[in-house]
Amino acid sequence: MWTTILVIGLSAFIFWYLWEKKHRVSHAVNGGIDRSVTLPHEQEFELYHNALSLCSKKARICLDELGIDYKSHHIHLIETGSYETLSRHFLKINPAGVLPALVHNGHPIYESHDIIEYAAAHSKTPDRLIPKDENEKQLMAYWSDKASVVGEDTRPGMAERAGNCITILTVPLFASGMTATPLRYVLIGLLFHRLKIRAVMFTTFKLIGLSGAVKIPPIVKEIEKARHYMHIHLDELEQHLETTGPWIVGEQFTLADVSWMSLIERFREADWIDYFLKDRPQLAAYWLRLQQRNSYKTAVIESGHPTIDIANAWIRLRKMTHPKIKAILEAPRN
């Protein structure tokens, strides 16, 4: 009897899995607009995003700075509750299963750095976030690129981009935030995520939490490496801000500032802000100016998620009660 039940159950699971796998089409996509795809839409601009996603923050900040009205579609990441990014619905929007995705007149635009450039160019005020002077435009592009997350595996690009470093430095936030996510939702990633290493990583974080994550030598090594390169990138920005201001290009707030606002906000969320801004007065002042922007209030603070505050509080608690964790995460600079 039990053998029969087991066989029926296993057969049903295999049938379900094969059917779902067939209908959850997932593959990498190129950045920029895909005019070969026309999606159902209600407004000229529609944004698929997540409250915790750093790149989603960048897109929201940009749209708010440009005054672009858009229809919001909040899509859950596993960190905020479920793998909605792997759902049949969302994979029709972005087969790569990543956020954000901007839809303009039905055509999807992928990758946050492409999204903000596209939005600026197609807004009613295209010069608002992009300088007219060619030298300033190149300066903006340099710093915007440095704050961008490029590549599905961000580790090789840490020496070139602070954005690639921040993905590794977000590990404490992810490991702490996963405690509230039911395990059955986490396991969906093992079945359907096209990048299995990510699904394995988040499953591990769910099982061992922050305390366990900082005991795994490869994770600690990557955090050390990311922290090292982040110091170098921030030193460069600190030095640059000494000769310019109030914004990265000068008097004009640009896409470079949009990118760095979302990146430094991640410092705050993952409790790195005091560590990385210490002894960097120009950056500290710059961060205060960024927080005064209306876009910071609307696109970041008002678009938050309880997971962020819970994870941040958990990181702080662990650092206070476990000096070894604090020492691993905030080791003095070499």
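What counts and how
- Residues numbered from 1 in each chain as written.
- Predicted model: local features only at pLDDT ≥ 70, side-chain atom pairs only at ≥ 80, totals over all residues.
- Heavy atoms only, no water.
- Core = buried A, V, L, I, M, F, W, Y, C linked by side-chain atoms within 4.5 Å.
- Buried < 20%, exposed > 50% of the residue type's maximum accessible area, 1.4 Å probe, protein only.
- Helix = DSSP H or I, 4+ residues; strand = E, 2+ residues; numbered from the N terminus.
- Contact = heavy atoms within 4.5 Å.
- Patch = residues over 30% accessible without salt bridge, like charges linked within 9 Å, V, L, I, M, F, W, Y side chains within 5 Å.
- Areas by Shrake-Rupley, 256 points an atom, 1.4 Å probe, with all protein chains shown as cover.
- Salt bridge = Lys/Arg side-chain N within 4 Å of Asp/Glu carboxyl O.
- Polar contact = N/O pair within 3.5 Å; in protein donor to acceptor, adjacent residues only side chain to side chain.
- Pairing = 2+ DSSP bridges.
- Axes fitted to C-alpha atoms, helices over the stretch in contact; angles between N-to-C directions.
- Phe/Tyr/Trp six-rings, centres within 6.5 Å; stacked < 30°, edge-to-face > 60°.

S.K.: Give me the nonpolar core: which residues, what numbers.
M.R.: By size, the foremost hydrophobic cluster in this structure holds 84 residues, and its most contacted members are M230, W260 and F267. A total of 8 residues in this core trace back to one element, the largest contributor, which is helix α11 (residues 255-269). Excluding residues that lie within four positions of it along the chain, F267 makes contacts with I166, M230, L234, W272, I273, F276 and L277. Residues Y48, I93, A96 and V103 belong to the second largest nonpolar core, which totals 12 residues.

S.K.: Describe in detail a nonpolar patch on the surface, supporting the description with residues and values.
M.R.: Taken together, L183, L187, L190, I197, V200, L207 and I208 make up a surface patch of nonpolar side chains, about 610 Å² in accessible area. The dominant element in the nonpolar patch, judged by the number of residues it contributes, is helix α9 (residues 196-213), at 4 residues. Here I208 is to be found in helix α9.

S.K.: Residue-level account of unusual backbone geometry, with values.
M.R.: The linkage connecting L99 with the following residue, P100, adopts the cis geometry, with an omega of 0 degrees. Along the chain, the position of P100 falls in the loop between α3 (88-93) and β4 (101-104). For the bond running from G245 to P246, omega is 5 degrees, close enough to zero to count as cis. Here P246 is to be found in the loop between α10 (217-241) and α11. The phi dihedral of D271 falls on the positive side, at around 60 degrees, and the residue is not glycine. Mapped onto the secondary structure, D271 falls in the loop between α11 and α12 (273-277). Positive phi values are uncommon outside glycine, yet D279 reaches one of about 65 degrees. If you trace the backbone, D279 turns up in the loop between α12 and α13 (281-291).

S.K.: So what's going on with the environment of K58? Residues and values would help.
M.R.: Mapping K58 onto the fold places it in helix α2 (residues 54-66). Counting along the chain gives 197 residues from K58 to L255, while the straight-line C-alpha distance between them is 9.2 Å. Contact partners of K58, with chain neighbours within four places excluded, come to S112, H113, I116, S148, V258, S259 and S262. A polar side-chain atom of K58 sits 3.2 Å from a polar atom in the side chain of S112.

S.K.: Describe the pattern of salt bridges, naming the residues involved and giving the relevant values.
M.R.: Using the criterion set out here, one finds 18 salt bridges in the structure. In this structure, R88 and E20 form a salt bridge, with 2.8 Å as the shortest nitrogen-oxygen distance. Residue R88 is found in helix α3, and its partner E20 is found in helix α1 (residues 2-23); the two are separated by 68 residues along the sequence. With a relative accessible area of 7%, E20 lands in the buried category. Note that D153 and R155 form a salt bridge whose closest N and O atoms lie 3.0 Å from each other. Judged by its relative accessible area of 40%, D153 is partly exposed. The partly exposed category is assigned to R155, whose relative accessible area is 40%. By sharing partners, the salt bridges in this structure join D271, R316, K319, K326 and E330 into a single network.

S.K.: Please set out the sheet that holds strand β1 (residues 32-33) residue by residue, giving values where relevant.
M.R.: Read from one edge to the other, the open sheet built from 5 strands follows the order β1-β5-β4-β2-β3, with strand pairing classed as mixed. Of all the strands in the sheet, the pair left with one neighbour each is β1 and β3 (71-74). Relative to strand β5 (residues 107-110), β1 is paired through 2 bridges, and the arrangement is antiparallel. Looking at the pairing, G32 lines up with Y110 of β5. On top of the sheet, α2 reaches β2 (45-49) and β4; it is set at about 155 degrees to β2, its chief contact. Where helix α4 (residues 112-121) meets the sheet, it contacts β1, β4 and β5, and its direction lies at approximately 125 degrees from that of β5.

S.K.: Give a detailed account of the packing of aromatic side chains, specifying residues and quantitative values.
M.R.: Throughout the structure, instances matching the rule amount to 16 aromatic pairs. Measuring from centroid to centroid gives 5.7 Å for W16 and F192, while their planes differ by 75 degrees, and the two rings are edge-to-face. Residue W16 is located in helix α1, and its partner F192 is located in helix α8 (residues 183-192); the two are separated by 176 residues in the primary sequence. Residue F192 is classed as buried on the basis of its relative accessible area of 5%.

Keep in mind that these numbers describe shape and distance, not what the molecule does.
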